[in-house]
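# Close look at the chain arrangement
If you want the building blocks of each chain, they are given just below.
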Amino acid sequence: MTEGDCLFCRIAAGDVPSDRVHEDDLVVAFRDISPVAPTHILLIPRRHIASAAELVEADGALIGRLVAVAGELARQEGIAEGGFRVVTNVGADAGQSVAHLHLHLLGGRRLSWPPG
Ligand code: AMP
């Protein structure tokens with residue numbers, strides 16, 4: 001997978017439209033096209049990273065930004081008080097369907113645990 005073939009790289013570049021809710025120098029966030037909760041936002045690094053399995057310690061600032069923005073968006077969406085979930089799927093068994101690292105921010109309803 002090259003950056004040119006990657007859907008989320010194209011969304012980050014603005015070549016594919018998305019409902020953006022946040023962008024900065026490292027991170028872009030947009031609403032999931034098939035939401036599974038009242039709030040369902042995807043947070044991605046601008047840089048192509050296939051999944052969380054590829055992260056190294058030097059990516060610490062990037063991960064910090066992703067998680068901090070997730071919390072900020074949860075507050076903006078009004079779900080911080082009630083509770084929310086931040087999750088990333090890695091590989092086929094976890095159901096990862098887009099090979100560009102993304103955090104799902106989910107909330108606005110009761111979320112079951114353990115996940116399916
Ligand atoms: P995952 O299955 O964890 O890889 O999550 C990929 C997510 O990307 C799914 O929840 C999809 O609904 C979402 N998705 C796929 N294409 C788009 C798109 N063009 N815009 C927004 N979300 C998308």
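Parameters at a glance
- Residues numbered from 1 in each chain as written.
- Predicted model: local features only at pLDDT ≥ 70, side-chain atom pairs only at ≥ 80, totals over all residues.
- Heavy atoms only, no water.
- Buried < 20%, exposed > 50% of the residue type's maximum accessible area, 1.4 Å probe, protein only.
- Helix = DSSP H or I, 4+ residues; strand = E, 2+ residues; numbered from the N terminus.
- Pairing = 2+ DSSP bridges.
- Salt bridge = Lys/Arg side-chain N within 4 Å of Asp/Glu carboxyl O.
- Core = buried A, V, L, I, M, F, W, Y, C linked by side-chain atoms within 4.5 Å.
- Contact = heavy atoms within 4.5 Å.

Attention now goes to the pairing of strand β3 (residues 39–45). Put simply, side chains in a regular strand alternate between the two faces of the sheet. With respect to burial, β3 is a largely interior element, seven of its seven residues being buried. A two-sided burial pattern is seen for β3, the buried positions comprising Thr39, Ile41, Leu43 and Pro45 on one face and His40, Leu42 and Ile44 on the other. Here β3 runs beside strand β5 (residues 103–107); their pairing, made up of five bridges, is antiparallel. Bridge pairing in β5 places His40 opposite Leu106.

Before going further, it helps to examine the pattern of salt bridges. Applying the stated criterion across every chain yields a total of seven salt bridges. Notably, a salt bridge pairs Arg65 with Asp25, separated by 2.8 Å at the nearest N-O pair. One end of the pair, Arg65, is in helix α2 (residues 60–77); the other, Asp25, is in the loop between β1 (20–23) and β2 (27–31), with 40 residues separating them in the sequence. For Arg65, a relative accessible area of 28% translates into the label partly exposed.

This next bit is on the nonpolar core. Among the nonpolar cores identified, the biggest contains 15 residues, and Ala29, Ile41, Leu43, Leu62, Leu66, Leu73 and Leu105 are the most heavily contacted of them. Residue assignment for this core shows that the elements contributing at least two residues are β2, β3, α2 and β5. Of the residues forming this core, the biggest block, six residues, is contributed by α2. Filtering out sequence-adjacent residues up to four positions away, Leu43 remains in contact with Val28, Ala29, Leu66, Val69, Ala70, Leu73, Leu101, His102, Leu103 and Leu105. One finds Cys6, Ala12, Val28 and Val98 within the second-largest nonpolar core, a separate group that totals eleven residues.

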